[in-house]
Amino acid sequence: MGQIVLPELPYAKEALEPTISAETLTYHHDKHHAAYVNKLNELLPGSGHEDKDLNAIITATAKDDSKQTMFNQAAQVWNHTFYWNCMTPDGGGKATGKLAEQIDADFGSFDKFAEEFKAACTGQFGSGWGWLVADKANGKLSIMKTANADTPLAHGKVAVLTCDVWEHAYYIDFRNDRGAYVQKFLDVLVNWDFANAEYAGEGADALSSKKL
Ligand code: MN3
């Protein structure tokens, strides 16, 4: 497999303005995301995990306390690549496609889903991530929040949508107002086509093997 590569952003740095500035994406992708990639590539040689793809590194290190630093880097590489793809210029609004039906079935309504997603994102104490996830066995959707680098892959869940709620994701554009950032993420940024593809199972494995 070899080195883990930092993927390009799926849009121009200015593409999400004015919600997320080019300045934020420059730091977030070119500094933060890149640092996780670089640190992971420093840790891999001789670790026994150097021939694995990113998903396999994450699942192999998730429950190994001696590999917590490697897990943190690998999960953050994955989480950020996933997050970039969860956003698109002129996105947001109500869910589309199969996911729209499933959200109605599992949450009662889109508004109820949005309320729970926002509550998870704003209620995550300190750094972390808010998620829409699917159960592998029955496809049922639920909301999850994870601290720091933690990721649904480590818990046997399929990631469908995420919002990065580390301060570095929103502080330049929203200062301390995480709630306003999450609301804008839902209103104008969410890439429902991508979320539908992840839900349909064209997702997590493809993300690590093709895009990284
Ligand atoms: Mn981040």
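This is a predicted model, so every value here is computed, not measured.

Asker: I would appreciate a short explanation of the coordination of the manganese ion in the present structure.
Answerer: Bound to the manganese ion on the protein side are H28 (NE2), H80 (NE2), D164 (OD) and H168 (NE2), at distances that span 2.0 to 2.2 Å. Sequence positions of the residues that donate to the manganese ion give the spacing H-x51-H-x83-D-x3-H. Note that H80 is positioned in helix α3 (residues 68–85) and D164 in strand β3 (residues 157–164), a separation of 84 residues in sequence.

Asker: I'm lost on the domain arrangement of the protein chain in this one. Help?
Answerer: Interfaces are often described in size by the accessible area the parts lose on coming together. Looking at the protein chain, the domain boundaries give domain 1 (20–85) and domain 2 (97–204). Each of domain 1 and domain 2 was reduced to a C-alpha centroid, and the two centroids are 19 Å apart. Roughly 2000 Å² is buried in total at the junction of domain 1 and domain 2, and carbon and sulfur atoms are behind 66% of that figure. Put simply, domain 1 and domain 2 have zero salt bridges between them. Between the two partners, domain 1 and domain 2, sit twelve residue pairs in polar contact (both at pLDDT 80 or more). Put simply, the parts of the chain that give the side of domain 1 that touches domain 2 at least two residues each are α1 (22–43), α2 (54–61) and α3. Sort the elements by how many residues they give to the side of domain 1 that touches domain 2 and α3 lands first, with ten residues.

Asker: Please explain the environment of T88 as it appears in this structure.
Answerer: Relative to the assigned elements, T88 resides in the loop between α3 and α4 (97–107). Each C-alpha atom of the pair T88 and D30 lies 18 Å from the other, and the pair is 58 residues apart in sequence. Once residues within four sequence positions are removed from consideration, T88 is found in contact with L16, V188, L189, V190 and N191.

What counts, and at which threshold
- Residues numbered from 1 in each chain as written.
- Predicted model: local features only at pLDDT ≥ 70, side-chain atom pairs only at ≥ 80, totals over all residues.
- Heavy atoms only, no water.
- Donors = N, O, S within 2.8 Å, 3.2 Å for Na, K, Ca; no water.
- Helix = DSSP H or I, 4+ residues; strand = E, 2+ residues; numbered from the N terminus.
- Domains from an automatic or database assignment.
- Buried area = accessible area lost by both parts, 1.4 Å probe.
- Salt bridge = Lys/Arg side-chain N within 4 Å of Asp/Glu carboxyl O.
- Polar contact = N/O pair within 3.5 Å; in protein donor to acceptor, adjacent residues only side chain to side chain.
- Contact = heavy atoms within 4.5 Å.

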